[in-house]
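Structural description and commentary
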Amino acid sequence: MATVKSESMDHPEDLSDDDTCVLPADTMLILQQFLQEKAAQQRCEEANVEPVGCFEENWQLSQFWYNEQTKQKLALVVRNLQHSDASDKFNVALLSAPSAYKHVARENNHAILFEFDERFTAYGENFQQYDYNKACDPEYLDKFANHFDLVIADPPFLSEECIEKMGVIIKKIVKQSGKIVLCSGAVVEDWAKQHLGVSLCQFRPEHERNLGNEFRSYANFDLDSILNKES
């Protein structure tokens, strides 16, 4: 809550430049994020760039954008897998990985982004708002049951609870023969294997900002050999 010198409260017309108004840290963070978002959108408008490509990370939602190389690598996974797939339509889901969406969508234009952050409703039919905390609701996301050939997921938190609930959702929406790529911290290896049946890979996702946690990738197939194929 903002604080103002008590003697100024009785006579607000007497407020001077020396009187201070201090915002709490959480309020200041929200204000800064709002201003950053507004500035980013303005830059996009001036550069005639699609606004959804200018979203800033929301750290309160544990959002950390991938660097360019990582986004290209994930898009390459999609390209190589769908080229080797014999079905008429290769369905791709991205869970909590919005920064990779545009690169993946260039390879698969009906890919769907599952994201808690409703800013991404700008993607229209390619966006599905979701909350991993609802994973155990009996009919949650039933319309996507057994639908996706590939799921790429980046759980927002490095906790067993998060990995377990994300695992429930992923196992519901992926086809029985579908492939799973999990990008998360090195600390989740045992949980990822237990709740998703994925194993550690050599590919290391990287971010635009240096994070304190070591990041790794996990998959239920030979991800590294797919990445090493010619594009």
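Everything here concerns the structure above.
Residues numbered from 1 in each chain as written. Predicted model: local features only at pLDDT ≥ 70, side-chain atom pairs only at ≥ 80, totals over all residues. Heavy atoms only, no water.

The helix and strand tally for the chain stands at 7 helices and 7 strands. Listing each helix as α and each strand as β along the chain from the N terminus yields α-α-α-β-α-β-β-β-α-β-α-β-β-α. Split into buried and exposed, the 231 residues of the chain put 45% on the buried side. Considering only intrachain contacts with a sequence separation of at least 6, the fraction spanning at least 24 residues in the chain is 60%. Summing over all exposed atoms, the chain offers an accessible surface of approximately 13,100 Å²; the carbon and sulfur share of this is 47%. (Helix = DSSP H or I, 4+ residues; strand = E, 2+ residues; numbered from the N terminus. Buried < 20%, exposed > 50% of the residue type's maximum accessible area, 1.4 Å probe, protein only. Contact = heavy atoms within 4.5 Å. Areas by Shrake-Rupley, 256 points an atom, 1.4 Å probe, with all protein chains shown as cover.)

Evaluated as defined, the whole model comprises 6 aromatic pairs. Both rings, one in Phe-114 and one in Phe-144, keep their centres 5.0 Å apart while their planes meet at 70°; by these two values the pair is edge-to-face. With a gap of 30 residues between them, Phe-114 in strand 2 (residues 112–115) and Phe-144 in the loop between strand 3 (127–129) and strand 4 (148–153) connect regions that are remote in the sequence. Each of the two residues, Phe-114 as well as Phe-144, counts as buried. Ring centres of Phe-144 and Phe-148 lie 5.9 Å apart, and the angle between their planes is 25°; on these two criteria the pair is classed as stacked. (Phe/Tyr/Trp six-rings, centres within 6.5 Å; stacked < 30°, edge-to-face > 60°.)

Read from one edge of the open sheet, 7 strands run 3-2-1-4-5-7-6, paired in mixed fashion. The sheet is open, and its two edges are formed by strand 3 and strand 6 (199–200), each paired on a single side. As defined by bridge partners, strand 2 adjoins strand 3 across 3 bridges and the pair is classed as parallel. When the bridges of strand 3 are listed, Leu-113 appears paired with Phe-127. Along the sheet face, helix 3 (residues 68–83) touches strand 1 (92–95), strand 4 and strand 5 (174–185) and points at about 170° away from the line of strand 4. Packing of helix 5 (residues 160–173) onto the sheet brings it into contact with strand 1, strand 2, strand 4 and strand 5, and relative to strand 5 it is tilted by some 150°. (Pairing = 2+ DSSP bridges. Axes fitted to C-alpha atoms, helices over the stretch in contact; angles between N-to-C directions.)

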